[in-house]
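Below, each chain spelled out in residue letters.
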Amino acid sequence: PYLEATLAFSTLVFLFETYLDVRQYRLYHVQSRPDDLKSLISERKFLRSQDYNADKARFRFLSSIAFEIEGALSVLCFVYPYLWEGVPKWFGVSEESELKRSLLFQGLCILISKVSHLPFSLYGTFVLEDRHGFKTKHMTLGLFFTDMVKELALTAIIGAPLMSILITLIKWGGEWFYLYVWAFLLAFQFLMMFIYPNFIQPCFNKVEPLPKSPLRTKIEALASREDIKFPLKKLYQIDGSKRSGHSNAYMYGFCNNKRIVLFDTLIRQSTETEIVAVLAHELGHWKLSHTLKNMVILSGQMLAMLWLFSRFIGNEELYQSFGFEGSKNATVIGLMLFSSVYAPISQVTGLLMTVWSRKCEFEADEFAVRLGYAPNLRSGLIKLQEENLGTMVPDWLYSAYHHSHPPLVQRLEAIDEKAKKSG
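In what follows, the accompanying structure is described.

Scoring rules and cut-offs
- Residue numbering note: each chain is counted from 1, following its sequence as written.
- Whole-chain, interface and lining totals are the exception, using all residues; otherwise, since this is a predicted model, local features are given only for residues with pLDDT of at least 70 and side-chain atom pairs are given and counted only at 80 or more.
- The basis for the side-chain values is all heavy atoms of the structure; hydrogens and waters are excluded.
- Think of it in three bands: residues with accessible area under 20% of the maximum for their type are buried, residues over 50% are exposed, and the middle band is partly exposed, with areas taken using a 1.4 Å probe on protein chains only.
- Comment: elements are numbered from the N terminus, with helices defined as DSSP H or I runs of at least four residues and strands as E runs of at least two.
- DSSP calls a pair of strands paired once it identifies at least 2 bridges connecting them.
- Each helix should span, by expectation, one fewer than its residue count multiplied by 1.5 Å.
- Throughout, the arc means that of the directions going from the helix axis to the C-beta atoms.
- Throughout this description, the term nonpolar core refers to a set of buried Ala, Val, Leu, Ile, Met, Phe, Trp, Tyr and Cys residues connected via side-chain atoms within 4.5 Å.
- Here a residue-residue contact requires only that any non-hydrogen atoms of the pair lie within 4.5 Å.
- Lines fitted to C-alpha atoms define the axes here, with helix axes fitted over just the stretch in contact, and angles between the N-to-C directions of these axes take values from 0 to 180 degrees.
- Orientation is classified from the angle alone, with under 35 degrees giving roughly parallel, over 145 giving roughly antiparallel, 65 to 115 giving roughly perpendicular, and any other angle giving oblique.
- As a working rule, the residues Ala, Val, Leu, Ile, Met, Phe, Trp, Tyr, Cys and Pro are called nonpolar, Asp, Glu, Lys and Arg charged, and the rest polar, with Gly in that last group.
- At every residue, the bend is computed as the angle between two fitted axes, covering the seven residues ending there and the seven beginning there respectively.
- Here, a salt bridge means any Lys or Arg side-chain nitrogen found within 4 Å of an Asp or Glu carboxyl oxygen.
- In this scheme the crossing of two helices becomes right-handed for a clockwise turn of the near helix relative to the far one and left-handed for an anticlockwise turn of less than a right angle.

Attention shifts here to the pairing of strand β4 (residues 257–263). For β4, the buried fraction is high: six of the seven residues fall into the buried class. The sheet contact formed by strand β2 (residues 232–238) and β4 spans six bridges and is parallel. Within β4, the position partnered with Gln237 by the bridge is Leu262. Bridging between strand β3 (residues 249–254) and β4 involves six bridges; their strand directions are antiparallel. What sits directly across from Met251, in β4, is Ile260. Between the antiparallel neighbours β3 and β4 lie two residues, among them Cys255 with a positive phi of about 45°.

The next subject is unusual backbone geometry. Of note in this structure, Lys229 is not a glycine but carries a positive phi near 55°. If you trace the backbone, Lys229 turns up in the loop between α8 (214–223) and β2. With phi around 50°, Leu389 is a residue other than glycine that occupies positive phi space. Mapped onto the fold, Leu389 is located in the loop between α15 (374–387) and α16 (396–402).

This brings us to the environment of Glu220. Position of Glu220 relative to the elements: it lies in helix α8. Accessibility expressed as a relative area gives 35% for Glu220, which makes it partly exposed. On a C-alpha basis, the gap between Glu220 and Leu235 in space is 8.7 Å, while along the polypeptide they are 15 residues apart.

Okay, helix α17 (residues 408–422) next. With 15 residues, α17 should reach 21 Å at 1.5 Å per residue; the first-to-last C-alpha distance of 21 Å fits that figure. All buried positions along α17 are accounted for by Leu408, Val409, Arg411, Leu412 and Ile415. The buried side chains of α17 occupy one side of the element, clustering within an arc of 160° when seen end-on. Residues of α17 that are exposed and point more than 90 degrees away from the buried face comprise Glu413, Lys420 and Lys421.

Formed by 40 residues in total, the largest nonpolar core has its most connected members in Ile41, Ile219, Leu222, Ile260, Leu262 and Leu279. Counting residues per element, the ones that place at least two in this core are α8, β2, β4, α10 (272–287), α14 (343–370), α15 and α17. Considering every element that reaches this core, the biggest residue donor is α10, with seven residues. Apart from residues lying up to four places away in sequence, Leu222 is in contact with Ile228, Val276, Leu279, Ala280, Leu283, Leu371 and Tyr373.

The N-to-C vectors of α10 and α15 enclose an angle of 95°; their axes lie 8 Å apart at closest approach. Taken as axis vectors, α10 and α15 run roughly perpendicular relative to one another. On α15, the residues that touch Thr273, Glu274, Ala277, Val278 and His281 of α10 are Asn376, Leu377, Ser379, Gly380, Lys383 and Leu384. The residue makeup of the contact of α10 with α15, split by class, is four nonpolar, five polar and two charged.

So, about helix α5 (residues 98–131). In this model, α5 (34 residues) spans 47 Å end to end at C-alpha, consistent with the 50 Å of a helix rising 1.5 Å per residue. Leu118 marks where α5 bends most, by close to 45°; the proline Pro119 follows one to four residues later. Buried residues of α5: Glu98, Arg101, Ser102, Phe105, Leu108, Cys109, Gly124, Thr125, Leu128 and Glu129, and no others. Where α5 is buried, its residues meet α3 (43–76), α4 (79–91), α6 (141–172) and α13 (331–341).

Bringing the pattern of salt bridges into the picture now. Inspection of every chain in the model, using the stated rule, returns 23 salt bridges. A salt bridge links Arg23 to Asp395; its shortest N-O distance comes to 3.0 Å. With a gap of 372 residues between them, Arg23 in helix α1 (residues 2–27) and Asp395 in the loop between α15 and α16 connect regions that are remote in the sequence. Judged by relative accessible area, which is 9%, Asp395 ranks as buried. We note a salt bridge from Lys421 to Glu417, for which the minimum N-O separation is 3.5 Å.

What follows concerns the packing of α10 against α14. Where α10 contacts α14, the axes come no closer than 8 Å and their chain directions differ by 120°. In this view, α10 runs oblique relative to α14, as classed from their interaxial angle. In terms of crossing hand, the pair formed by α10 and α14 is right-handed. Where α10 abuts α14, its residues Ala277, Ala280, His281, Leu283, Gly284, His285 and Lys287 lie against Cys360, Glu361, Ala364, Asp365, Phe367 and Ala368. By residue class, the composition of the contact of α10 with α14 is seven nonpolar, three polar and three charged.

Laid out in structure tokens, this is it:
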């Protein structure tokens, strides 16, 4: 029953998400700005956004059909059992060598997925994004495939030891293995918070200190305010424009060693005061402990998921249902199959996290308003929406399901309301 239940749930989710896509797609054909956008967004930007998002929706619809069919056929035709049984024959490893067999199996699955998704990635980057002005002249086929090779190499360098440790812990840990795996994954996440910005990000982007400038001075003054006291140690900019015209900014670091990174596209597209206001919002997430709370929530979810996995790993019927005869002790297969069984729970927790994320966004906006950045935050959010051609007319159900951030108009209304109360 596991295979049939998994396919049924996957199909229901696909049909529901397609229904949501159709609801939203209809709104992409609205050609006149709604009244609440007329004073915010220019008609040219509005029409560009509508065209861009309609194009993305059509592409997403076709690609989602292809991936749904691919996934269903992989399960129904027992592709994964075939690969698992084939690894010892093709690579000459012993059937008893679970670790080597598992790593080769995972590598094959990743390569097959990469190849099957390649046409869609190429179209998305070199046709869709280029058509709407987001692909930069630096993003060539050479750079695209160089990035792909780097991603595969990093997956092997990091993923192989990670999978080896997970398999070893599960085998060694007995009935309490989920606690050991949970503790290890928490430590690994903290380690990656250091490794990614310092070693992985520079493999793809040029990361350099933000030069001394009025912008740098304003950001440092914001971080050192008495009502914030953000322990900013480094301030960087990266060449995001090397690959895309989209803009972004993020923070990272441990305890009293925090860093802020700005995309060069954000610096070019926004004024200094708008950038500072947007960063005030981001610092609000830190000051209000949203990041810490998210980590606690996600670590709790991970522990619950691992505990549930410990109840399923020995379920022979689960393995046989997906065509894995005699493979019930193969940890990597158990992890893969359990992810399918866990999908309904993951769907529910994902929706709850979206609701939580929206609440945090409103609170961070309010924090920036209390600091006196309401006008600049308002104009900064409008400019980000314009420059990134964000969804201008969101369907309420589509947005509630997919978007972790509230719609622009709702955020602006909340900012105006908080600004009136504050002053």
